[in-house]
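Spelled out, the chains give:
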Amino acid sequence: MAVQRVLESEVVRIVEKCSTLNHAKQVHAHIYRNNLHQCSYVITKLLRLVTSLTHVPLHSYPRLIFAQVHTPNPFLWTALIRAYAIRGPLSQALRLFCSMRKRRITPVSFTFVALFAASGAAQDITLGAQLHAQTLLVGGFHSDMYVNNAMIDMYVKCGFTRCARKVFDEMPERDVVSWTGLIVAYARRGDMKAAQDLFDGLPVKDMVVWTAMVTGYAQNGMPENAVEIFRRLVDEGVEIDEVTLVGVISACAQLGASVYAKWIRDIAESSGFGDGSSVLVGSALIDMYSKCGNVEEAYNIFKGMRERNVFSYSSMIVGFAIHGQVHAAMKLFYDMLETDVKPNHVTFVGVLTACSHASLVDLGQQIFATMEKYYGVAPTPQLYACMADLLGRAGYLEKVIRLVERMPMKPDGAVWGALLGASYVHGNPEVAEIASKHLFELEPDNMGNYLLLSNTYASVGRWDDVSRVRKWIREKNLKKDPGCSWVEGKNGMIHKFAAGDVKHPQINEIKKELDELLERLKGIGYQPNLSSVLYDVNDYEKRLLLMSHSEKLALAFGLLSTDAGSTIKIMKNLRICKDCHIVMCGASRLTGRKIVVRDNTRFHHFFNGACSCRNFW
């Protein structure tokens, strides 16, 4: 027996060093010569090796290896089941599992782990539930942490988070994998409260679960929470990797404040990722600086990168585009074509965005028509949405409709949304009705679509139709995202303002500053643009509403709280209105200050009475 075990160990050691089918067959012959061909332990190792060689069909040599063992043990069965579960067809893995059960051979935990993984990958909840029942019928797996973790993962991938949570709650023992799987699931659903509750209850947290929380908050539009979690991570001395950094950099990009940009860049550099060595982090920093209003620093990072990939180029092209630097965006695109880096659909999103913001309709149409032929990038729904935006902004609404009719796939909400937005800009309620009809079917609870249709009617004075749409909103109990703006104070603190805000501790000084600014603007010809108020109220009430817009309050605070001559950067969650745009232009001329406003579409750089968008946005 001792000699036999030594021989088995020696053969297994040789198997683990094999890397080709020829080597495997030589070892197989050695197994026969040493009379080990009925040893499930040895044959299991050989079968795992052979099934890992993806060019070897499972139904040929691997099945022969398995068939020659008269009484295969559960681990040998599992090796073949796992191979079919990973490589397919899954039906064959299930046939083997059924054969195993008919022979009264009890599965092991790895059997169920492999099948649950395959069920989750196929998003087959029926199969997953049947396998769950099998674990109960077989018995003994209730306390198996690996099986339970695989079950949680299966339910999560199939979209049954409640079932996953029930399995989690009934587990007698859990590890960090158990907690992380559910936390990621809640984050993907947007339920960050449930994710946070689980996270707080996790006794020992590793880098993966910290990263899941940072990324979850960032992806769900809660950047302040993402930054706070990252601060805790740093304070507790948790190791930081590229994925964690990219998550928090994304959050800082959403906040758009330079103080956060400098803070996270310092951390990236001290962690060994900020010197241009990491393409992933470098690309994220480019995106962050662009969205923080500092496209010049974004370009400095781009130039300092040791290696650039399609994400680096695409981030920089998009950065130039949203800042209205169209020529820089196009030059970088053509420079990219001279390298070995091939553009992808994100690259063309940036290029078409640049064309859209500069009304380069002919160039955009030419690029769209040739990108698949010359660059191998097939039009996606997102790229069709970019073209709809390009044509729509320029007023070619009928061309947008024809474009939509020719799409090889069903138009999504982004395409119809671009047409609806263009209809509002150009005051065309008839086309807005066409777009909104499709949007109400695709996105029945999207408040923004109802508001855009209502605003389009309001822009042409169709108040009865406005009332009808607002009645729909009330009946659906939809809630509007309130307009808000935020500005960075002198000490780096972020100050937020809502429309009509009265809660800021300095609100009286802010209103006084704004009143004085508006009076000075009137002296150089400013008249409130009353068409920016989409309510059926008198002119006096319209003026009051315009004065309370959040970006005007943020501007007044910026003038009060920052040094003369410094740039004022304002971030806004909605599109800037025409009246606020006029005020920003005038304020930049009167004060000699550069004012940068990021709305939900692009950046506006105001200086000496003019805007980088050339009044086209």
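Every chain begins its residue count from 1, and numbering advances along the sequence as written. Given that the model is predicted, a residue must reach a pLDDT of at least 70 before its local features are reported, and side-chain atom pairs must reach 80 or more before they are shown or counted; all residues, however, enter totals for whole chains, interfaces and linings. Calculation of side-chain values draws on the structure's entire complement of heavy atoms; hydrogens and water are dropped beforehand.

Caption draft 1: Main features of the overall build of the chain. In this description a helix means any DSSP run of H or I spanning at least four residues, a strand means any run of E spanning at least two, and both kinds are numbered starting from the N terminus. In terms of regular secondary structure, the chain is built from 32 helices and six strands. In terms of overall dimensions, the chain has a C-alpha envelope of 105 × 55 × 50 Å along the principal axes. Summary of the burial criterion: residues with accessible area below 20% of their type's maximum are buried, those above 50% are exposed, and those between are partly exposed, where the area comes from a 1.4 Å probe applied to protein chains only. Burial analysis of the chain (617 residues in total) assigns 49% to the buried set. The contact criterion used throughout is that any non-hydrogen atoms of two residues lie within 4.5 Å. Looking at the chain alone, contacts between residues at least 24 apart form 62% of all its contacts between residues at least 6 apart.

Caption draft 2: Region of interest: the sheet that holds strand β1 (residues 484-488). A sheet is described by the order of its strands in space; here six strands give the open sequence β2-β1-β3-β4-β5-β6, paired in mixed fashion. Here the strands that pair on one side only, and so sit at the sheet edges, are β2 (494-498) and β6 (610-611). The pairing of strand β4 (residues 595-598) with strand β5 (residues 603-607) spans four bridges and is classified as antiparallel. Note that in β5 the partner of I595 across the bridge is F606. Any two strands with at least two DSSP bridges between them are considered paired.

Caption draft 3: Here's a closer look at the UniProt feature "repeat: PPR" (unreviewed entry) in the chain. UniProt positions are given in the numbering used here, feature names are shortened, and annotations may be inferred rather than shown by experiment. In the UniProt entry, the feature "repeat: PPR" (unreviewed entry) is given for residues 73-107, 144-178, 206-240, 278-308 and 309-343. When the span residues 144-178 is considered, its composition is 74% helix and 0% strand, and the gap between its end C-alpha atoms is 12 Å. In residues 206-240, helix accounts for 74% and strand for 0%; the two terminal C-alpha atoms are 11 Å from one another.

Caption draft 4: Here's a closer look at the packing of aromatic side chains. Within 6.5 Å between ring centres, the rings of Phe, Tyr and Trp (the latter by its six-membered ring) count as paired, and their orientation is classed by plane angle as stacked under 30 degrees, edge-to-face over 60, tilted in between. Across all of its chains, the model carries 20 aromatic pairs by this definition. On the numbers, 5.0 Å between centres and 85° between planes, the contact of F168 with W179 is edge-to-face. Taken together, the positions of F168 in helix α10 (residues 161-170) and W179 in helix α11 (residues 176-189) put the pair 11 residues apart, joining distant regions of the chain. Judged by relative accessible area, W179 falls into the buried class, the value being 11%. Ring centres of F440 and Y450 lie 4.2 Å apart, and the angle between their planes is 10°; this geometry places the pair in the stacked category. Highlighted residues: F440 in helix α26 (residues 429-442) and Y450 in helix α27 (residues 447-459), separated in sequence by 10 residues. A relative accessible area of 3% places Y450 in the buried class. Grouping aromatic residues by their ring pairs yields a cluster made of F333, Y334, F348, Y374 and Y375. The ring of Y61 is capped by K25, whose NZ or CZ atom sits 5.5 Å from the centre of that ring. For a ring to carry a charge above it, either NZ of a lysine or CZ of an arginine must fall within 6 Å of the ring centroid while also lying within 35 degrees of the normal to the ring plane. Seen from the ring of F302, R308 lies directly overhead, with NZ or CZ sitting 4.4 Å from the centre.

Caption draft 5: Focus on helix α5 (residues 74-87). One fewer than the residue count of a helix, multiplied by 1.5 Å, yields its expected span. Here α5 spans 20 Å end to end across 14 residues, near enough to the 20 Å set by a 1.5 Å rise per residue. Taken residue by residue, α5 has L76, W77, T78, A79, L80, I81, A83, Y84 and A85 as its buried positions. Buried residues in α5 make contact with α3 (40-52), α4 (61-67), α6 (90-102) and α7 (109-122). Immediately downstream of α5, the backbone of G88 shows phi near 85°, a positive value.

Caption draft 6: Spatial organisation of empty space enclosed by the protein. The definitions used throughout rest on a 1 Å grid laid over the protein atoms alone, on which a cavity is an enclosed set of points accommodating a 1.4 Å probe that cannot get out and a pocket is an open set flanked by protein within 12 Å on both sides along at least five of seven lines; lining residues are those having an atom within 4 Å of a point. Grid points are joined across faces, edges and corners, and a volume is the space filled by probe spheres set on the points. Under the counting rule described, the total for this entry stands at one cavity of 30 Å³ or more. Space inside the largest cavity adds up to approximately 50 Å³. Considering the residues around the largest cavity, the lining is formed by L255, G256, A257, W486, V487, E488, I494, K569, I570 and M571. Among the elements of the structure, β1 and β3 (568-572) are those that each provide at least two residues to the lining of the largest cavity. Each residue is assigned to one class: nonpolar for Ala, Val, Leu, Ile, Met, Phe, Trp, Tyr, Cys and Pro, charged for Asp, Glu, Lys and Arg, and polar for all the others, Gly among them. Its residues assigned to classes, the lining of the largest cavity comprises seven nonpolar, one polar and two charged.

Caption draft 7: Spotlight on unusual backbone geometry. Of note, the amide linkage connecting G88 to P89 takes the cis form, showing an omega dihedral of 0°. Structurally, P89 can be placed in the loop between α5 and α6. In this model, N477 sits at a positive phi of 60°, which is unusual for a non-glycine residue. Here N477 lies in the loop between α28 (463-476) and β1.

Caption draft 8: Seen up close, the pairing of β1. Summarising burial for β1: five of the five residues are buried, a large majority. Residue alternation in β1 divides its side chains into two sets, C484, W486 and E488 and S485 and V487, and both sets are buried. With five bridges connecting them, β1 and β2 associate as antiparallel partners. Looking at the pairing, W486 lines up with K496 of β2. Here β1 folds back onto β2 in antiparallel fashion, the turn holding five residues, of which G492 has a positive phi close to 90°. Both β1 and β3 contribute to a ladder of three bridges, which runs antiparallel.

Caption draft 9: Geometry of the packing of helix α15 (residues 242-255) against helix α17 (residues 279-291). Across the interface, α15 lies against α17 with an axial gap of 9 Å and an inter-helix angle of 5°. Regarding the angle of α15 to α17, the classification is roughly parallel. For the pair formed by α15 and α17, the contact residues are E242, L245, V246, I249, C252 and A253 on the first element and L280, V281, A284, L285, D287, M288 and K291 on the second. For the contact of α15 with α17, the residue count by class is 10 nonpolar, no polar and three charged. The angle between two axes is taken between their N-to-C directions and runs from 0 to 180 degrees, where each axis is a line fitted to C-alpha atoms and a helix contributes only its stretch in contact. Each angle receives one of four descriptions, namely roughly parallel if under 35 degrees, roughly antiparallel if over 145, roughly perpendicular if within 65 to 115, and oblique otherwise.

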